[in-house]
Amino acid sequence: ASPSAPHPSSPSSSSSAPGAGAGPPKRRPPPALDQDRDFGNFVGRMVNGSRREQFSDEQLSFASSAPARRRVRTVLQTCRNKQGMLDMTCFTREACTEQVQSLASCLHDGGSEAAALASGETMCKKECDALSRCVKDEWRKFLIGISPGFRGDHLSPFEEPLAF
């Protein structure tokens, strides 16, 4: 007999949990978004900054293009929870459909999970980064679309010739 104790994940280790004779199951690696503090903080600011009373009717009237009006409708009508706050799941699904689908596919892919387990990394980093970029970009476009200095999706006031 070896003087050292068996490794906790080896089949010969004992545990008081029922059915633990085969060792504890490997934990599924978390998606990369779970580890992205910047994105989590951004989402918190989005939700807190999306209250209807923070936007005047005049400000909302600046949404003159179809995409800007769609974003206003998504943020202030379609994607609201019972408490009247922005529903991030709805917003993300509405604004970033392609990225949500890509992330969902990755999360359900056994190969992605196996690769993350083998490397000790988070799952689906590329897909999570794409979703994070999309959500931030859509929120920026929403805010710019209702800003007095901009019209619709026109993002740069410096593109217009200056009149002297």
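For the structure, check the block above.
Here the structure is a predicted model, which is why all the values come from computation and not from measurement.

Observations regarding helix α3 (residues 66-78)
- The terminal C-alpha atoms of α3, which comprises 13 residues, lie only 16 Å apart, well short of the 18 Å expected from a rise of 1.5 Å per residue.
- On its buried side, α3 packs onto α2 (57-60), α4 (88-95) and α7 (125-145).
- For α3, the N-terminal capping position is held by Ser 65, with its side-chain oxygen 3.2 Å away from the main-chain nitrogen of Ala 68.

Some points on the nonpolar core
- Judged by nonpolar contacts, the single largest core of 34 residues is most densely connected at Met 46, Leu 86, Met 88, Phe 91, Val 135 and Trp 139.
- Looking at this core element by element, the count peaks at six residues for α7.

Quick word on the packing of aromatic side chains
- Summed over the entire model, instances satisfying the criterion amount to three aromatic pairs.
- Ring centres 5.5 Å apart and planes at 80 degrees place the aromatic pair Phe 55 and Phe 142 in the edge-to-face group. You can see Phe 55 sitting in the loop between α1 (37-48) and α2 and its partner Phe 142 sitting in helix α7, a full 87 residues away along the chain.
- Looking at Phe 142, the relative accessible area reads 1%, which means it is buried.
- Arranged with centres 4.9 Å apart and planes meeting at 40 degrees, the rings of Trp 139 and Phe 142 form a pair that is tilted. Residue Trp 139 and its partner Phe 142 are located together in helix α7, separated by three residues, close to a single helical turn.
- What makes Trp 139 buried here is its relative accessible area of 7%.

Comments concerning the state of the cysteines
- For the structure on display, the rule yields three disulfides.
- Disulfide partner of Cys 79: Cys 90, at an S-S distance of 2.1 Å. For the disulfide bridge between Cys 79 and Cys 90, the dihedral angle about the S-S bond is near -60 degrees, and by the sign convention the bridge is left-handed. A residue pair is termed long-range when its members are at least 10 positions apart, and Cys 79 in the loop between α3 and α4 and Cys 90 in helix α4 qualify at eleven residues.
- Between Cys 96 and Cys 134 runs a disulfide, and the two sulfur atoms are separated by 2.1 Å. An S-S torsion of about -100 degrees defines the bridge between Cys 96 and Cys 134 as left-handed. Taken together, the residues Cys 96 in the loop between α4 and α5 (97-107) and Cys 134 in helix α7 connect sequence positions 38 residues apart.

So, the environment of Glu 98
- Its place among the elements puts Glu 98 in helix α5.
- Between the alpha carbons of Glu 98 and Ala 130 there is a distance of 9.7 Å; along the sequence they are 32 residues apart.

Observations regarding unusual backbone geometry
- A positive phi angle, near 60 degrees, is found at Cys 124, a position not held by glycine.
- One can find Cys 124 in the loop between α6 (110-119) and α7.

Some words on the packing of α1 against α7
- Here α1 crosses α7 at 30 degrees, and the two axes come no closer than 11 Å. Relative to α7, the element α1 lies roughly parallel. Handedness of the α1/α7 crossing: left-handed. Here α1 contributes Asp 38, Phe 39, Phe 42 and Met 46 to the contact with α7, which in turn contributes Ser 132, Val 135, Lys 136 and Trp 139.

Scoring rules and cut-offs
Residues numbered from 1 in each chain as written. Predicted model: local features only at pLDDT ≥ 70, side-chain atom pairs only at ≥ 80, totals over all residues. Heavy atoms only, no water. Helix = DSSP H or I, 4+ residues; strand = E, 2+ residues; numbered from the N terminus. Expected span 1.5 Å × (residues − 1). Contact = heavy atoms within 4.5 Å. Polar contact = N/O pair within 3.5 Å; in protein donor to acceptor, adjacent residues only side chain to side chain. Core = buried A, V, L, I, M, F, W, Y, C linked by side-chain atoms within 4.5 Å. Buried < 20%, exposed > 50% of the residue type's maximum accessible area, 1.4 Å probe, protein only. Phe/Tyr/Trp six-rings, centres within 6.5 Å; stacked < 30°, edge-to-face > 60°. Disulfide = S-S within 2.5 Å. Axes fitted to C-alpha atoms, helices over the stretch in contact; angles between N-to-C directions. Parallel < 35°, antiparallel > 145°, perpendicular 65-115°, else oblique. Left-handed = near helix turned anticlockwise from the far one by under 90°.

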